[in-house]
Amino acid sequence: MRRNLFFIVIALSVFVVKSYSQTEELFNGKDLSNWNFVIDGDKAAPEDVFSVQDGVILIHGNPFGYMYTRKKYKDYTLELEWSWAGEASNSGIFFLIAEVKPGSPFPNGIECQLKAGNAGDLVLLGGSDLDEYVTPASGRPAFPVIQKREASNEKPVGEWNKAKIEVKGGKITVYINGALQNQGTNKVKKGHIGLQSEGGPVQFRNLKVTAL
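Within every chain, residues take consecutive numbers counted from 1 along the sequence as written. It should be noted that, the model being predicted, local features are given only for residues of pLDDT at least 70 and side-chain atom pairs only at 80 or more, the latter also being counted only at that level, while totals for whole chains, interfaces and linings use all residues. Hydrogens and water are ignored here; the side-chain numbers use all heavy atoms of the structure.

**Topic: the overall build of the chain**
Note the threshold: Think of it this way: any DSSP run of H or I at least four residues long counts as a helix, any run of E at least two long counts as a strand, and we number them from the N terminus. We compute the radius of gyration from the C-alpha atoms alone; for a globule the expected value is 2.2 Å times N to the 0.38, where N is the number of residues. Here a residue-residue contact requires only that any non-hydrogen atoms of the pair lie within 4.5 Å. All accessible areas in this document rest on Shrake-Rupley with a 1.4 Å probe, and a residue is counted as covered only by the protein chains that are shown.
The helix and strand tally for the chain stands at 1 helix and 16 strands. Its C-alpha atoms give the chain a radius of gyration of 19 Å, near enough to 17 Å, the size a compact globule of 212 residues would have. For the chain, long-range pairs separated by at least 24 residues make up 67% of all intrachain contacts whose partners lie at least 6 apart in sequence. When the accessible surface of the chain is split by element, carbon and sulfur atoms take 53% of a total near 10,700 Å².

Following this line, the structure appears as structure tokens:
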């Protein structure tokens, strides 16, 4: 009986440790040591665009660029919060980044648009594609967009919004403030995660990835 109890305790311990390790904090609240940076044309030093203030990530918005995780991720749920640090502006969450292009503010990857009024749109960057996108007769634009499903459900300036992005076998599902806003299917299954500098100051906090 004691022997069986011992093995049960060990099995439960392994399960708990495994479950706990499935969630990874992408931001430690102190610095950006686990991120890399791309600035448009190398017009500024990364620390002049991306910084940590009062335990949150502050991205200034100019010049254009993005910060991205050093690791690539596959089959996960990404959760984070964002808030405008001033007027409502423009930013985005990059994911399934297949190719980083030094000096270019747009990698090959997918963007969950955060531009005020458009949060939840999916933007195809750098030649990336989604099965659901249909090229118009006029030709493929520079930044193809799959628009969000519902009207904007973003919170007023000064309040925190929440994005949740699920990626499973290339299948993408986007929730903004708890509402399903978009879905898509990508042939790319694994890539970096990034946060965009574009337009104006924006803050991010509570970034975490949970393996699926």
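And the narrative resumes.
**With respect to the pattern of salt bridges**
Basically, it comes down to this: Any carboxyl oxygen of Asp or Glu within 4 Å of a side-chain nitrogen of Lys or Arg constitutes a salt bridge here. Remark: exposure states derive from per-residue accessible area (1.4 Å probe, protein chains only) relative to the maximum for the residue type, with buried under 20%, exposed over 50%, and partly exposed in between.
As enumerated under the stated definition, the model contains 7 salt bridges in all. With a shortest N-O distance of 3.1 Å, Lys-71 and Glu-24 are connected by a salt bridge. In this pair, Lys-71 is assigned in the loop between strand E5 (65-69) and strand E6 (73-74) and Glu-24 in strand E1 (residues 23-25), connecting sequence segments 47 residues apart. Taking relative accessible area as the criterion, Lys-71 reaches 44% and is therefore assigned partly exposed. The salt bridge partner of Glu-81 is Arg-205, with a shortest N-O separation of 3.2 Å.

**Some thoughts on the side chain of Glu-198**
So the rule is basically this: When charges are counted, neither His nor the chain ends are considered; positive counts come from Lys and Arg and negative counts from Asp and Glu. Polar contact criterion, stated in full: a pair of N or O atoms within 3.5 Å, where within protein one must be able to donate a hydrogen and the other to accept it, and residues adjacent in sequence count only if both atoms are side-chain atoms.
Tracing the chain through its elements places Glu-198 in the loop between strand E15 (190-197) and strand E16 (202-211). Buried within the structure, Glu-198 lacks any salt-bridge partner; its nearest side chain of opposite charge belongs to Lys-115, at an N-O separation of 7.6 Å. At 2.7 Å, the side chain of Glu-198 forms a polar contact with the side chain of Gln-196. Discounting chain neighbours no more than four positions away, the residues touching Glu-198 are Gly-61, Phe-64, Ser-89, Asn-90 and Ser-91.

**Comments concerning the confidence of the model for the chain**
What counts here: Residue-level confidence of the predictor is summarised by pLDDT, bounded by 0 at the bottom and 100 at the top.
Of all residues in the chain, 90% have pLDDT values of 70 or greater, and the mean over the chain is 93. Taken as a whole, residues 14-20 scores under 50 in pLDDT and shows 0 contacts with residues more than four places along the chain or in a different chain.

**Section: the packing of aromatic side chains**
Heads up, the rule is: Paired rings are identified among Phe, Tyr and Trp, the last through its six-membered ring, by centres lying within 6.5 Å, and are further divided according to the angle between planes into stacked (under 30 degrees), edge-to-face (over 60) and tilted (the rest).
If you walk through the whole model with that rule in mind, you get 5 aromatic pairs. Between Tyr-66 and Tyr-68, the ring centres sit 5.8 Å apart and the planes meet at 45 degrees, which makes this aromatic pair tilted. Comparing Tyr-66 with Tyr-68, the two get one shared label, buried. Members of the aromatic cluster, connected to one another through ring pairs, are Tyr-66, Tyr-68 and Phe-94.

**Observations concerning the nonpolar core**
Put simply, the rule is: Think of a nonpolar core as a cluster: buried Ala, Val, Leu, Ile, Met, Phe, Trp, Tyr and Cys residues, connected wherever their side-chain atoms sit within 4.5 Å.
Counting residues in hydrophobic clusters, the biggest one holds 40 residues, and the most contacted among them are Trp-82, Phe-95 and Phe-204. Among the elements that take part in this core, strand E7 (residues 76-84) stands out by supplying 5 residues, more than any other. Of all hydrophobic cores here, the second largest spans 8 residues; its members include Tyr-66, Phe-94, Val-123 and Leu-125.

**Quick look at the environment of Ile-176**
Along the chain, Ile-176 turns up in strand E13 (residues 171-176). The exposure class of Ile-176 is buried, given its relative accessible area of 0%. Every residue in contact with Ile-176, bar those within four places of it in the chain, is listed here: Trp-82, Cys-112, Ala-119, Gly-120, Asn-153, Lys-162, Ala-163 and Gln-181.

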